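Okay, here's what each chain looks like letter by letter:
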Amino acid sequence: MDGQVDTEDLLIGLAVESWRLCRMFQRSIDTRDIKSAGRQSNQVRYFQRKLEDTLLPLGLRIVDLEGQSYEPGMAATALNVADFGPEDELFVDQMIEPVVMGADGVRRTGTMMLRK
């Protein structure tokens, strides 16, 4: 059983790093070349679907909280929460690492930045 848990943890780590690489690649696409940008965007979306399809049979899924209202207790650590007051209405501005959910709940917490 320990080997299975270790393998799952390795797969989760690889999935998180793949998610980060896809985000970085999407931001680097040169939108001035529309044809190339479209092709590259499609390749990233294809890879993301393949990643989701690979994780699904294992009961795992990647959750991106960007744009959602922030609530204490979310399954992600807010790196800049101390920059805001308790009365501020906060939103998830950027996910640094996604949340990974399993069939039995959170498998890995994410990391995020907040905004008002």
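You'll find the structure just up there.
Attention in this report is confined to the structure presented alongside it. Keep in mind that this is a model prediction, so the values were computed, not measured.

### A short note on the overall build of the protein chain
Point 1. Of regular secondary structure, the protein chain possesses two helices and six strands.
Point 2. Secondary structure of the protein chain in N-to-C order comes out as α-α-β-β-β-β-β-β.
Point 3. On the principal axes, the C-alpha backbone points of the protein chain span a range of 50 × 45 × 15 Å.
Point 4. Here the protein chain, with 116 residues, has 28% of them falling under the buried criterion.

### Things to note about the side chain of S18
Point 1. Mapped onto the secondary structure, S18 falls in helix 1 (residues 2-28).
Point 2. Contacts of S18, omitting those with residues within four sequence positions, involve F47 and L51.

### A look at the sheet that holds strand 1 (residues 61-63)
As a general point, the strands of a sheet are linked pairwise by backbone hydrogen bonds and lie either parallel or antiparallel.
Point 1. The three strands are arranged 1-4-5 in an open sheet whose pairing can be described as antiparallel. Edge positions in the sheet fall to strand 1 and strand 5 (105-108), since each of these pairs with one other strand and no more. Across the sheet, the axes of successive neighbouring strands diverge by a mean angle of 45 degrees, strand direction being ignored.
Point 2. Where strand 1 and strand 4 (residues 99-102) come together, three bridges link them in antiparallel fashion. If you follow R61 over to strand 4, its bridge partner there is M101.

### Brief notes about the nonpolar core
Point 1. By size, the foremost hydrophobic cluster in this structure holds twelve residues: W19, V63, L65, A76, A78, F84, L90, V92, M95, V99, M112 and L114.
Point 2. Within the residue set of this core, elements represented by two or more residues are strand 2 (76-78), strand 3 (91-97) and strand 6 (110-115).
Point 3. Dropping the residues within four chain positions of it, L90 is found in contact with S69, Y70, F84, L114, R115 and K116.
Point 4. Core analysis: the second largest hydrophobic core is formed by seven residues, I12, V16, L51 and L60 among them.

### Some points on the pattern of salt bridges
Point 1. This model, assessed by the stated rule, comprises nine salt bridges.
Point 2. Here D9 and R107 are joined by a salt bridge, their closest N and O atoms 3.2 Å apart. Of this pair, D9 sits in helix 1 while R107 is found in strand 5, placing the two residues 98 residues apart along the sequence.
Point 3. Taking the relative accessible area as the measure of exposure, D9 reaches 34% and is therefore partly exposed.
Point 4. Look at R107 and you get partly exposed, because its relative accessible area is 29%.
Point 5. Taken together, the salt bridges that share partners define one network made up of E8, D9 and R107.

### Brief notes about the side chain of T111
Point 1. On the secondary structure map, T111 appears in strand 6.
Point 2. Accessibility expressed as a relative area gives 17% for T111, which makes it buried.
Point 3. The residues contacting T111, other than those within four sequence positions of it, are A76, T77, L79, Q94, M95, I96 and E97.

The rules behind each value
Residues numbered from 1 in each chain as written. Predicted model: local features only at pLDDT ≥ 70, side-chain atom pairs only at ≥ 80, totals over all residues. Heavy atoms only, no water. Helix = DSSP H or I, 4+ residues; strand = E, 2+ residues; numbered from the N terminus. Buried < 20%, exposed > 50% of the residue type's maximum accessible area, 1.4 Å probe, protein only. Contact = heavy atoms within 4.5 Å. Pairing = 2+ DSSP bridges. Axes fitted to C-alpha atoms, helices over the stretch in contact; angles between N-to-C directions. Core = buried A, V, L, I, M, F, W, Y, C linked by side-chain atoms within 4.5 Å. Salt bridge = Lys/Arg side-chain N within 4 Å of Asp/Glu carboxyl O.

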